[in-house]
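# Topology and contacts: notes
Here are the chains, one letter per residue:
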Amino acid sequence: MSETRRLIQRVVLSAVVLFNLAAAAAADPQNWSREGWKTDFSRSSIDFDDILSGGPPKDGIPSIDDPQFIPVSDVADLEDNEPVIGLEINGDARAYPLRVLMWHEIANDTVGGTPVTVTYCPLCNAALVFDRRINGQADTFGTTGKLRNSDLVMYDRGTESWWQQFTGEAITGELTGSKLALVPSRLESWKNFKTRHPQGKVLVPNNERMRNYGRNPYEGYDSAKIPFLFNGELPKDINAMARVVVVRDAGDPVAVSMLKVRQDGPLERNGVTISWQEGQASALDTGSIASGRDVGNIIVQKNGKDVPYDVTFAFVANAFLPDTPIEKAENE
């Protein structure tokens, strides 16, 4: 392990300790109201002590609200193995590179006539797309700067209710209990997307100088021993940072380690086929996303059509789906 990676892991551990000590004091709706939130904190489905500050304030990680795209054929700066969120609705195919979403976490867009919110939480490696219509009306989402179980807490700009990215559910505010519909998408390599959709479009930064796009600011994170900004219980029988495929649109939730899919797949679970293919770099490994180790691509389909899924870490699946056992490989 490099000295840089060791230093990063020591910094992460120190930060976890400090944030856990401060969590009780920070998780106070009165403090949040003084920050300027208009959220109705009298309505909630969670324990406020589970909310931690991620550091940035409201919208400190700026969502992309006016996304800009170029044709696949014009892309020159993406390596074949770089991860993108691939989305196709009604023939409208778009790729959202993690090199961009790493720094913004949310992109509000309209694809094939459907208003969507494309999200990526680096601390959970959770890449999920939602229909951003609430009660039939399209809204946009931003970042709160808060985390729960290390996962991004979003907010809608209509009521400023807070939403859990991993579940797509409003957890506090006027809309508490409401859920966003998941939209099928793929976390896939750039090569796979452009092969499937040569006439598609690719998200590009609105301002290339705004961030160091292509760099991973969480170097060494997915090989750390413990997750960042997490104060919950870690899984006991699998590495907390092991990648896990989670499928919730197949009856009972399914959670299978990526290694098991790679070694034993394709796997059939609840009428859904889960398969693995090489060729995608980890966005959370080396300082350069394109240089990350190969973790591969996951495809989840039912009757030949994509269904929503997530490739997250074991500690995340354990935290949000405690009653769903994680299937693991024999050597895991």
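Check the entry above for the structure.
Report on the accompanying structure. (Residues numbered from 1 in each chain as written. Predicted model: local features only at pLDDT ≥ 70, side-chain atom pairs only at ≥ 80, totals over all residues. Heavy atoms only, no water.)

### Focus on the layout of surface pockets
Heads up, the rule is: With a 1 Å grid spanning the protein atoms alone, the term cavity applies to any set of points in which a 1.4 Å probe fits but cannot get out, the term pocket to an open set with protein on both sides within 12 Å along at least five of seven lines, and the term lining residue to any residue with an atom within 4 Å of a point. Grid points are joined across faces, edges and corners, and a volume is the space filled by probe spheres set on the points. Charged residues are taken to be Asp, Glu, Lys and Arg, nonpolar residues to be Ala, Val, Leu, Ile, Met, Phe, Trp, Tyr, Cys and Pro, and polar residues to be all remaining types, Gly included.
In this structure, the largest pocket spans a volume of roughly 230 Å³. Around the largest pocket, the lining residues are Asp222, Met241, Ala242, Arg243, Met258, Leu259, Arg262, Trp276, Arg293, Asp294, Val295 and Glu332. Among the residues forming the lining of the largest pocket, the class breakdown is six nonpolar, no polar and six charged.

### Let's talk about the pattern of salt bridges
To keep things clear, this is the line we draw: A side-chain nitrogen of Lys or Arg and a carboxyl oxygen of Asp or Glu constitute a salt bridge if their distance falls within 4 Å. Helical segments are the DSSP runs of H or I of at least four residues, strand segments are the runs of E of at least two, and each set is numbered from the N terminus. Exposure classes here rest on a 1.4 Å probe applied to the protein chains alone. A residue is buried below 20% of its type maximum, exposed above 50%, and partly exposed in between.
All chains considered together, the criterion is met by 18 salt bridges. The closest approach of N and O atoms between Arg157 and Asp59, which form a salt bridge, is 3.7 Å. Of this pair, Arg157 sits in the loop between β11 (151-156) and β12 (162-164) while Asp59 sits in the loop between β1 (51-53) and β2 (68-71); the two residues are 98 residues apart in sequence, bridging distant segments of the chain. Given a relative accessible area of 29%, Asp59 falls into the partly exposed group. Among the charged side chains, a salt-bridge network with shared partners connects Asp222, Arg243, Asp285 and Arg293.

### Some thoughts on the sheet that holds strand β10 (residues 141-148)
The line we're drawing: The rule for pairing is simple: two strands pair if DSSP sees at least two bridges between them. Axes here refer to lines fitted to C-alpha atoms; in helices the fit is confined to the stretch in contact. Angles between the N-to-C directions go from 0 to 180 degrees.
Overall, antiparallel pairing links the five strands, which are arranged β1-β10-β11-β12-β13 in an open sheet. Only two strands of the sheet have a single neighbouring strand rather than two, namely β1 and β13 (169-172). Going from strand to strand, the sheet's axes swing by 50 degrees on average, the running direction of each strand aside.

### A closer look at the packing of aromatic side chains
Using the following cut-off: Side-chain rings of Phe, Tyr and Trp, where Trp is taken by its six-membered ring, are said to pair if the distance between their centres is within 6.5 Å; with planes under 30 degrees apart they count as stacked, over 60 as edge-to-face, and otherwise as tilted. In this scheme, the term charge over a ring applies when either NZ of a lysine or CZ of an arginine sits within 6 Å of the ring centre and within 35 degrees of the ring normal.
Counting across every chain of the model gives 15 aromatic pairs. An angle of 85 degrees between the planes, with centres 5.8 Å apart, marks the rings of Phe69 and Tyr96 as edge-to-face. Of this pair, Phe69 sits in strand β2 while Tyr96 is found in strand β4 (residues 92-97), placing the two residues 27 residues apart along the sequence. Relative accessible area serves as the criterion here: at 21%, Phe69 is assigned to the partly exposed category. An angle of 20 degrees between the planes, with centres 6.2 Å apart, marks the rings of Trp190 and Phe193 as stacked. Of this pair, Trp190 and Phe193 both sit in helix α4 (residues 190-196), three residues apart, which is roughly one turn of the helix. Following the ring pairs from residue to residue traces out a cluster consisting of Trp32, Trp37, Phe41, Phe48, Tyr155 and Trp162. Arg94 extends its terminal NZ or CZ atom over the ring of Phe69, reaching a point 4.8 Å from the ring centre.

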